[in-house]
Amino acid sequence: MRKSNTAGSTNTARADVLRVLGVLKVATTDQIQRIAMPHLNHRHSDKPTPAKRKTARTATHTAALADLRTHRLAATGGSTATGEALRHLTLKGLEAAATELQRPLSEMGATARGAGAAGATHPMAVNETVIGLLRPKPDLAKMAADPPGVRAAAQAAVDAPGGVGSIGSYWTEVPLPV
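The following paragraphs examine the structure supplied in this document. (Residues numbered from 1 in each chain as written. Predicted model: local features only at pLDDT ≥ 70, side-chain atom pairs only at ≥ 80, totals over all residues. Heavy atoms only, no water.)

## As for the overall build of the chain
A count of helical and extended segments in the chain gives six helices and three strands. Along its sequence from the N terminus, the chain presents helices and strands in the succession α-β-α-α-β-β-α-α-α. Relative to the compact-globule value of 16 Å for 178 residues, the chain shows a C-alpha radius of gyration of 16 Å, a close match. Counting only C-alpha atoms and orienting by the principal axes, one finds that the chain spans roughly 55 × 45 × 30 Å. Considering the chain as a whole, with its 178 residues, one finds that 39% of them fall into the buried category. A fraction of 65% describes how many contacts in the chain between residues 6 or more apart in sequence connect residues 24 or more apart. (Helix = DSSP H or I, 4+ residues; strand = E, 2+ residues; numbered from the N terminus. Rg over C-alpha atoms; globule rule 2.2 N^0.38 Å. Buried < 20%, exposed > 50% of the residue type's maximum accessible area, 1.4 Å probe, protein only. Contact = heavy atoms within 4.5 Å.)

Take a look at the structure:
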């Protein structure tokens, strides 16, 4: 049994979470997955309900969040208007995210404690805008063993016009000169 990461997450998944939450400050597990591992959007189509498909898609990052929570780097804080749990970084997590994003801690902004108290409608709109601008592309190499229909759907996403930048090129908190 793993002692330091009991939920079984990988270094890659934990780094994904730190990068996404370091930029967005507060996000759902679904948003983290859609940015970090978009190829999973096309998998699990054999699950009987949308909820089960979503649970399967987000399992990797759910485990990463559990391990980060164990290490006191991430926390759950409130929920969206639709009832999805909101995740954010602690101060220690913000420091780890600064390392992942290769930014000075002084440029990282603040933690998002309390953002979910009122449903976080503004942060969720900002997150969806960032996802829309990024237009994350699935990695087709990771889908070689998937059924042809799944690969075709992923190929259509790859063939669509590209997005702008990577998650590390965005800043959701920018100090404005007064």
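Next comes the rest of the write-up.
## A short note on the packing of aromatic side chains
Ring pairs (aromatic) are described by centroid distance and by the angle formed between their planes. Considering all chains together, one arrives at zero aromatic pairs under this definition. Taking NZ or CZ as reference, Arg103 lies 3.6 Å from the ring centre of Trp171, over its face. (Phe/Tyr/Trp six-rings, centres within 6.5 Å; stacked < 30°, edge-to-face > 60°. Lys NZ or Arg CZ within 6 Å of the ring centre and 35° of its normal.)

## Some words on the nonpolar core
Val17, Leu21, Leu24, Ile32, Ile35, Leu89 and Ile167 are the most contacted members of the largest nonpolar core, which totals 26 residues. Broken down by secondary-structure element, the contributors of at least two residues to this core are α1 (11-24), α2 (29-36), α3 (50-70), α4 (91-101) and α5 (121-134). When residues in this core are grouped by element, the largest group, seven residues, is from α1. Apart from the residues within four sequence positions on either side, Leu89 is in contact with Leu18, Leu21, Gly22, Lys25, Leu73, Ala74, Leu94, Ala97 and Thr111. Val26, Leu86, Ala112 and Ala120 belong to the second largest nonpolar core, which has five residues in total. (Core = buried A, V, L, I, M, F, W, Y, C linked by side-chain atoms within 4.5 Å.)

## Observations regarding the sheet that holds strand β2 (residues 74-79)
Within the open sheet, the three strands sit side by side as β1-β3-β2. Their pairing is antiparallel. The open sheet terminates on both sides in strands that have one partner only, identified here as β1 (26-27) and β2. Across four bridges, the pairing between β2 and strand β3 (residues 85-89) is antiparallel. Bridged to Ser79 within β3 is Ala85. (Pairing = 2+ DSSP bridges.)

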